[in-house]
Amino acid sequence: NALSYARSHDPITGLLSRDEFERCLKASDLRTVDSTCPAWVASIDIDQFKIVNDTAGHGAGDVLLKQIGMAFRQCLSVTDQLARVGGDDFAVLLQPRSRVEAERVIECMLQAVRDLRFDWQGARYAVTVSVGVTPFLPGSEPAGRALSMAERARFLAKDQGRDRVRFTSDDPELAARGAEMAMVA
């Protein structure tokens, strides 16, 4: 029904809401996966989104969010989950696949945004995103931890110059923080 849809979807993009995305992660957390490949959780932030909102207005920002959501969707399979989890933040749950396959999907998403030329009232904006990705083995770790680790990796990608992706498994510091968090939990 309409009320259920409104609770589980972002009103601007029509993508899953943060709460619904977290429910999807928890639901996958309860399933046993017959796979040696992990699922992957990505946290994505639009670089310099504030510039679009400040110079062109929130209406332009809303249109850009919709266009980016559509660009991302073209790179994903029907079983992957895509959500808008905050102002200019998206999250993706990639179903189990190899790291090489996950890298291809994430690179497709980065390129789709790079190729997007956002025109608004005579002004053109080049858009990029920063992405953090972490492997997620449903049932072996808390679902919330995976999103948190992906967000940390995304912050590193942003700090290192934007328009890039960071995998938590490539960073010993992030991996150590993840191990510490698991021990505390």
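To be clear, the structure that these remarks concern was listed above.
Just so it is clear, the model here is predicted, and its values are computed rather than measured.

A. Inspection of helix α4 (residues 58–73) at higher detail. With 16 residues, α4 ought to run about 22 Å at 1.5 Å a step, and its terminal C-alpha atoms sit 23 Å apart, in line with that. By the burial criterion, the buried members of α4 are A60, G61, L64, L65, I68, G69, A71 and F72.

B. Broad picture of the packing of aromatic side chains. Evaluated as defined, the whole model comprises four aromatic pairs. Measuring from centroid to centroid gives 5.7 Å for W40 and F167, while their planes differ by 80°, and the two rings are edge-to-face. Remark: F167 occurs in strand β7 (residues 165–167) and W40 occurs in strand β1 (residues 39–46); sequence separation between them is 127 residues. Aromatic side chains F118 and Y125 sit 6.1 Å apart centroid to centroid with 40° between the ring planes, which places their arrangement in the tilted category. When sorted by exposure, F118 lands in the same class as Y125, which is buried. Joined through ring pairs, the aromatic side chains of F118, W120 and Y125 make up one cluster. Against the face of F167 rests R99, its NZ or CZ located 4.1 Å from the ring centre. Positioned above the aromatic ring of F155 is the side chain of R154, whose terminal nitrogen or guanidinium carbon lies 4.7 Å from the ring centre.

C. Structural context of the environment of D88. Looking at the secondary structure, you find D88 in the loop between β2 (81–84) and β3 (89–94). The spacing of D88 and L65 is 23 residues in sequence and 7.3 Å in space, taken between C-alpha atoms. Once residues within four sequence positions are removed from consideration, D88 is found in contact with I44, D45, I46, F49 and L65.

D. Broad picture of the pairing of strand β6 (residues 129–136). The buried fraction of β6 amounts to seven of the eight residues, a majority that puts the element mostly inside the structure. Bridge analysis of β1 against β6 gives eight bridges, and the strand direction is antiparallel. The partner of S43 across the bridge, within β6, is G132. Sheet topology note: the β6/β7 ladder contains three bridges and is parallel. Bridging across to β7, V133 finds its partner in F167. The parallel pair β6 and β7, bridged by helix α6 (residues 143–159), forms a crossover whose chirality is left-handed.

E. Structural context of the pattern of salt bridges. Throughout the structure, instances matching the rule amount to 13 salt bridges. For R154, the salt bridge goes to D89, with nearest N and O atoms at 3.8 Å. One end of the pair, R154, is in helix α6; the other, D89, is in strand β3, and 65 residues separate them in sequence. Of the two residues, R154 and D89, both sit in the buried class.

Cut-offs and rules
Each chain carries its own residue numbering, running from 1 in the direction its sequence is written. Per-residue local features of the predicted model are confined to residues with pLDDT of at least 70, and side-chain atom pairs are confined, for both listing and counting, to 80 or more; whole-chain, interface and lining totals are unaffected and use all residues. Side-chain measures were taken over the full set of non-hydrogen atoms in the model, leaving aside hydrogen atoms and water. Secondary structure elements follow DSSP: runs of H or I no shorter than four residues count as helices, runs of E no shorter than two count as strands, and numbering proceeds from the N terminus. Take the residue count of a helix, subtract one, and multiply by 1.5 Å to get its expected span. Partly exposed residues are those whose accessible area sits between 20% and 50% of the maximum for their type, while under 20% is buried and over 50% is exposed, using a 1.4 Å probe and protein chains only. Only rings of Phe, Tyr and Trp enter the pairing, Trp through its six-membered ring, and a pair is recorded when the two centres are within 6.5 Å. The plane angle decides the type: under 30 degrees is stacked, over 60 is edge-to-face, the rest tilted. The criterion for a charge sitting over a ring is simple: Lys NZ or Arg CZ within 6 Å of the ring centre, and within 35 degrees of the ring normal. In this analysis, two residues are considered to be in contact whenever any of their non-hydrogen atoms come within 4.5 Å of each other. Strand pairing requires that DSSP identify at least two bridges connecting the strands. Handedness rule for crossovers: strands pointing away from the viewer, path from the first strand over the helix to the second running clockwise, crossover right-handed. Salt bridge, as used here, is a side-chain nitrogen of Lys or Arg placed within 4 Å of a carboxyl oxygen of Asp or Glu.

These results come straight from atomic positions and should not be treated as a statement about function.
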